[in-house]
Amino acid sequence: MRKAIFVKFIQIILVVLALSSFIFYIASSSALLKTSRNDMLYTLRVMDHVLDFSGTPEDMIHELRQTFHDNQGRFTLIRTDGSVAADTENIDVSALVNHLDREEVEEALKTGEGASRRYSQTLKENMLYVAVRSQNSDYILRMATPYTGMKEYITLLLPAVWLSFFVAIMYSAFSADIFAGSITKPLNEISQEMLKVNGDYADLSFETYQYPELNIIAETITKMSGNVKEYLNRLELEKQIRQEFFSNASHELKTPITSVQGYAELLESGIIEDEDQKKDFVRRIKKEAVNMNNLINDILMISRLETKEAEVVKTDVRLSILLDDIIASLKPLAASHEVIIHLDCKPLGIYANDQQMKELFGNLISNAVKYNKPGGQVWVTVTEENRNVAIRVRDNGMGIPQEALGRIFERFYRVDKGRSKKQGGTGLGLSIVKHIVNFYHGSISVRSKLDEGTEFTVMIPIQKKI
C-alpha cells in the first residue's frame, strides 16, 4: 500500500507539473503578446506626433529605414483606401497589393488601432503587425516585428525549468514518502492492536491519529470489539440459562414422576386395602399428571413463541370481556388468599390471539394474588396510550427484592423457592408473559419495593387487522 500511495503521489505531481507548465506557457505567451502590442502601439503614437506629414511619404520614412532594418522591423505608411504610400523595405510600393483587407488595417480604420499575427510572404517569417490611424493625417501607420512568442525564450528557460522539475520531484518524493507513512503506520498499529484479540476480546486501545478517517476506523473497531464481547457474554449467559432450564425442567418433571411412580407401585403391590386411601392415591396421581401436563404445555408455548413457527390465529379481542372472565375464574384463588381485585378497563380491543392474551393477563393477575398478603389488594388497569394498549397490574403485597428484579422473567426462576412451591404453578408464568409481549413487539417493565408491593407495566402496539 505504501508503494502504491508513493507511485500515485508521484504520478499526480508529474501531471500537475505538466499542466502548470502548459498553463504558464499559455499565460506567458498571452502576456508577452499583450506587452509587445502595447509597446508597438505606444511607438506608433509617438511616431504619429514626430513625423512631418507635410512632405512626401518617401521623405518621411527615409531616415527610419536603417533603424527598422537594424532591428529587423518594418514600418509601412498606408493610405485610408488601403494602398501603400511608403515602406521601410527597399521594395517598389506600387507593386504591393492593397492592404485594406489586412486585419490590423480594418481594425485601425474602425476603432483607431488594430493588431494581428501572421506569416509575412515578403519577410518570410512570422510577424506581429500593429496599426494605428493617424490623428494628424489621412494615413494608417503600421509597424511589424518578428514575433515567435515564447519559443525564443524556451532555450533560455529550459535549464531553469529542468532544475525546478528536479527539485519538485525530489521534494514530492520526500513528501510522498512521509504522507504514505502517515497513513500506513496508523493502519499497521491498528492491525497490531487487533492481533492482540485472541478469543478473549480484551479492550482495545488506539492512539489519536492525524487523520479523522483513521480515528473513525479505530473507533468503529473498538465499538465492534465491544459489541462482539457483549454478544459473547450474552451467548454465555444464554448458555447458562439454557443449562439451568434443562436442570430445572428435569427437576420439575422428576418430582411428580417420582410421586406418580411411588403411588402406582403402592397401589400395584396390594398393600393398600383401604378404599378411601386408594382413591386418595389416585387423586394425587391425577393431580401430579395435571401438573406435568401444565408444565409441558407451558414449555411448548415458550418454544412456539421463541421460534414463531406455529401458526397463531388472531381475532379482535375485547379486553373488558376477557378480563371479566379471567377475574371470575380467579375469584376462588383470591378468596383463599383474602385478596380483593379491582378492575378498571377502558372499552378497548386488540387484534391478537385470544389464548395468548388469557395467558398474559392470567399469569400477571394470579401472581399478584398468590404473592400478596391477607387483606391485600390488586389493581388491574387497561388504557390506551400513544397507540398502545397500556396494561398495569399492581399489588400491595410482599414485593420483590431489587437483586431479583433482573431475573424474574427467567424460566423456573423463583424469588422465594419455598413459598413459590407452596403456591403451585410451573415457574414459567412470567417467562411466558415476557415471550408473549415480545411476540407482539411490545415492552414490559416492573418496579417493586419490599413489603409495599409490585407493579408490572405492559405496552403492546395496537395492531390493525390485515
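Before reading further, recall that the structure is shown in the block above.
Notes on the structure follow. (Residues numbered from 1 in each chain as written. Predicted model: local features only at pLDDT ≥ 70, side-chain atom pairs only at ≥ 80, totals over all residues. Heavy atoms only, no water.)

## Things to note about the sheet that holds strand S4 (residues 125–133)
Stated precisely, the cut-off is as follows: If DSSP finds at least two bridges between two strands, the strands pair. Numbering of helices and strands runs from the N terminus; a helix is a DSSP stretch of H or I covering at least four residues, while a strand is a stretch of E covering at least two. Each axis is a line fitted through C-alpha atoms, and for a helix only the stretch in contact is used; angles between axes span 0 to 180 degrees, taken between their N-to-C directions.
The strand order across the open sheet built from 5 strands is S2-S1-S5-S4-S3, with neighbouring strands paired in antiparallel fashion. Of all the strands in the sheet, just strand S2 (84–87) and strand S3 (113–120) have a single pairing partner and so form its edges. This sheet shows a mean twist of 20° between the axes of neighbouring strands, independent of strand direction. Bridge analysis of strand S1 (residues 74–79) against S2 gives 3 bridges, and the strand direction is antiparallel. By the bridge assignment for S2, Leu-77 is matched with Ala-86.

## Some words on the sheet that holds strand S10 (residues 388–395)
In a beta sheet, neighbouring strands pair by backbone hydrogen bonds and run either parallel or antiparallel. To be explicit about the condition: Throughout, a residue-residue contact means that at least one pair of heavy atoms, one from each residue, lies within 4.5 Å.
Taken in spatial order, the 5 strands make up an open sheet running S7-S9-S10-S12-S11, and their pairing is mixed. At either margin of the open sheet sits one strand with a lone partner, and together these are strand S7 (340–345) and strand S11 (443–449). Here the average twist between neighbouring strands, direction ignored, is 10°. The pairing of strand S9 (residues 377–385) with S10 spans 8 bridges and is antiparallel. From the neighbouring strand, Glu-385 faces S10, where its bridge partner is Asn-388. Contacting S7, S9 and S10, helix H8 (residues 319–329) runs over the sheet at an angle of about 175° to S7. Strand contacts of helix H10 (residues 354–370): S7, S9, S10 and strand S12 (453–461), with the helix running at about 20° to S10, the strand carrying the most contacts.

## A look at H8
The test is simple: Per-residue accessibility, obtained with a 1.4 Å probe over protein chains only, is compared with the maximum for each type, and a residue is labelled buried under 20%, exposed over 50%, and partly exposed between these values. Think of the arc as the fan of directions from the helix axis to the C-beta atoms.
Restricting attention to buried positions, one finds in H8 the residues Leu-319, Leu-322, Leu-323, Ile-326 and Ile-327. The buried residues of H8 occupy one face: seen down the axis, they fall within an arc of 125°. With respect to the buried face of H8, the exposed residues turned more than 90 degrees away are Ile-321 and Ser-329.

## Considering the nonpolar core
Our working definition: Throughout, nonpolar core names a set of buried Ala, Val, Leu, Ile, Met, Phe, Trp, Tyr and Cys residues whose side chains join them through atoms within 4.5 Å.
Residues Leu-319, Leu-360, Phe-361 and Ile-365 are the most contacted members of the largest nonpolar core, which totals 46 residues. By residue number, the principal contributor to this core is H10, which donates 7 residues. Setting aside residues no more than four positions away along its own chain, Leu-319 makes contact with Cys-345, Leu-348, Ile-350, Phe-361, Val-382 and Val-389. With 22 residues, the next largest nonpolar core counts Leu-32, Met-60, Ala-85 and Ala-115 among its residues.

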